[in-house]
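# Commentary on secondary and tertiary structure
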Amino acid sequence: MATKDINTADTAREIRTIDEVVDVIASTAPEIRTGLPGRRVAAEEENPSGETQMAADVFADDLLCERIGALEGVGEYASEERAESIDVGNGSLSVALDPLDGSSNLKPNNTMGTIFAVYDGPLPAHGRDLVAAGYVLYGPVMTMIVARDGTVNEYVVYDDSSYELVREDITLPEDGTVYGFGGRVPDWTDDFEAFAREVEQDASRKLRYGGSMIGDVNQILTYGGIFSYPTLQSAPEGKLRVQFEGYPIGYVIETAGGATSDGTKSLLDVDKDELHARTPLYIGNTDLVTKLEAALD
Ligand SMILES: O=P(O)(O)OC[C@H]1O[C@](O)(COP(=O)(O)O)[C@@H](O)[C@@H]1O
Ligand SMILES: [Mg+2]
Ligand SMILES: [Mg+2]
């Protein structure tokens, strides 16, 4: 089944809305980054997945909700940080965000990101409803990846909220050189552990794991290889959330010519009807993801 792309988006209004969502993500990123220093502490609430929220998670969510919700073509907004999606207008597009991915990296000051997904339809949506997805990475440089219209581009985002195209039509390098696997090793399944051991036997590959999915995914997009947050014995659905993490990352990686899986099928074909549903996530070069699926079979 083909993923929708910009050419099948219903109207010019929708295309403009996607542009505006990307603009809001880019223009808000410097403000989010500037707001982080005083917000490296736990907030009072837990998020709907039962995890500790950082003050920065709430701050980024509030800021983005207000701005994305104000866009004319956006009908619904949802994020990892709020239990329900909210109606923000009459537009046909829905925006789902992970306002800060990897916020447990705030204290040690490691990489984090903002992930966005634009769906052509109500939430919870399906992976095949995606019309654009991407992320901002708060690394030494602020970069933004945008996948839409069959293409993945990278931009540098500047402090004045402008952004500049620096890599066009990105594809995963063929001979992937990095790997990273989340979850506690004793909690992995035997099949996944055997696969992981095989991956690390290849002398051309190095372990690169940072504890923020989006940083780890960006390494795969840059160097090729494989990243997984797998099924765990204690959590068969893994940790990552379909609407906010699984689908948008699946869309970015597949648009860049890589492969994705929940263990048996593309992440974009995962069927989940709950807004905060989780999925195991395996992404990377096609040969490695194919081997992974065979190993888990
Ligand atoms: O350290 P853990 O619990 O294995 O989790 C790491 C994973 O959790 C996440 O931080 C989940 O995302 P959030 O920070 O948005 O909740 C991923 O970025 C990362 O891959
Ligand atoms: Mg996340
Ligand atoms: Mg988050």
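Since the model is a prediction, treat every value here as computed from it, not as a measurement.

For helix α2 (residues 55–69), built from 15 residues, the straight-helix expectation of 21 Å at 1.5 Å per residue is met to within 8% by its first-to-last C-alpha distance of 21 Å. All of the buried residues in α2 are A56, D57, F59, A60, D61, L63, L64, C65, I68 and G69. Contacts made by the buried residues of α2 are with α1 (12–35), β2 (52–54), β3 (74–79), β4 (86–87), β5 (93–101) and β6 (112–120).

The next subject is the UniProt feature "domain: Fructose-1-6-bisphosphatase class 1 C-terminal" (unreviewed entry) in the chain. The sites that carry the UniProt feature "domain: Fructose-1-6-bisphosphatase class 1 C-terminal" (unreviewed entry) are, in the present numbering, residues 172–296. Each end of residues 172–296 is marked by a C-alpha atom, and these two atoms are 23 Å apart; helix forms 38% of the span and strand 18%.

Right, let's get into the coordination of the magnesium ion (ligand 2). Those donors, D98 (OD), D101 (OD) and E245 (OE), are the protein atoms that reach the magnesium ion (ligand 2), and they lie 1.9 to 2.0 Å from it. The sequence pattern describing where the donors of the magnesium ion (ligand 2) fall on their chain is D-x2-D-x143-E.

Taken in spatial order, the 5 strands make up an open sheet running β12-β11-β13-β17-β15, and their pairing is mixed. For this open sheet the edge positions go to β12 (206–207) and β15 (259–261), each flanked by a neighbour on one side alone. Packing against the sheet, helix α4 (residues 213–223) makes contact with β11 (178–181), β13 (225–229) and β17 (281–284), and its axis sits at approximately 160 degrees to β13.

Moving on: the domain arrangement of the chain. In terms of domain boundaries, the chain breaks down into domain 1 (6–167) and domain 2 (178–296). With 45 residues of domain 1 in contact, the opposing surface of domain 2 contributes 33 residues. In total, about 2800 Å² of surface goes out of reach between domain 1 and domain 2, with carbon and sulfur atoms giving 57% of it. Summed over the shared surface of domain 1 and domain 2, the result is 4 salt bridges. As a salt-bridge pair, E51 and R278 come within 3.7 Å of each other at their nearest N and O atoms.

Turning next to the packing of α4 against helix α5 (residues 242–255). Contact pair α4 / α5: the axes reach a minimum separation of 11 Å and the direction vectors enclose 15 degrees. Overall, the two elements α4 and α5 adopt an arrangement that is roughly parallel. Crossing angle aside, the handedness with which α4 passes α5 is right-handed. For the pair α4 and α5, contact is made by M213, I214, V217 and L221 and by E245, I249, V252 and I253, respectively. Of the residues belonging to the contact of α4 with α5, the class tally is 7 nonpolar, no polar and 1 charged.

Calculation criteria
- Residues numbered from 1 in each chain as written.
- Chains lettered and ligands numbered in written order.
- Predicted model: local features only at pLDDT ≥ 70, side-chain atom pairs only at ≥ 80, totals over all residues.
- Heavy atoms only, no water.
- Helix = DSSP H or I, 4+ residues; strand = E, 2+ residues; numbered from the N terminus.
- Expected span 1.5 Å × (residues − 1).
- Buried < 20%, exposed > 50% of the residue type's maximum accessible area, 1.4 Å probe, protein only.
- Contact = heavy atoms within 4.5 Å.
- UniProt positions renumbered as here; feature names shortened; annotations may be inferred.
- Donors = N, O, S within 2.8 Å, 3.2 Å for Na, K, Ca; no water.
- Pairing = 2+ DSSP bridges.
- Axes fitted to C-alpha atoms, helices over the stretch in contact; angles between N-to-C directions.
- Domains from an automatic or database assignment.
- Buried area = accessible area lost by both parts, 1.4 Å probe.
- Salt bridge = Lys/Arg side-chain N within 4 Å of Asp/Glu carboxyl O.
- Parallel < 35°, antiparallel > 145°, perpendicular 65-115°, else oblique.
- Left-handed = near helix turned anticlockwise from the far one by under 90°.
- Nonpolar A, V, L, I, M, F, W, Y, C, P; charged D, E, K, R; others polar.

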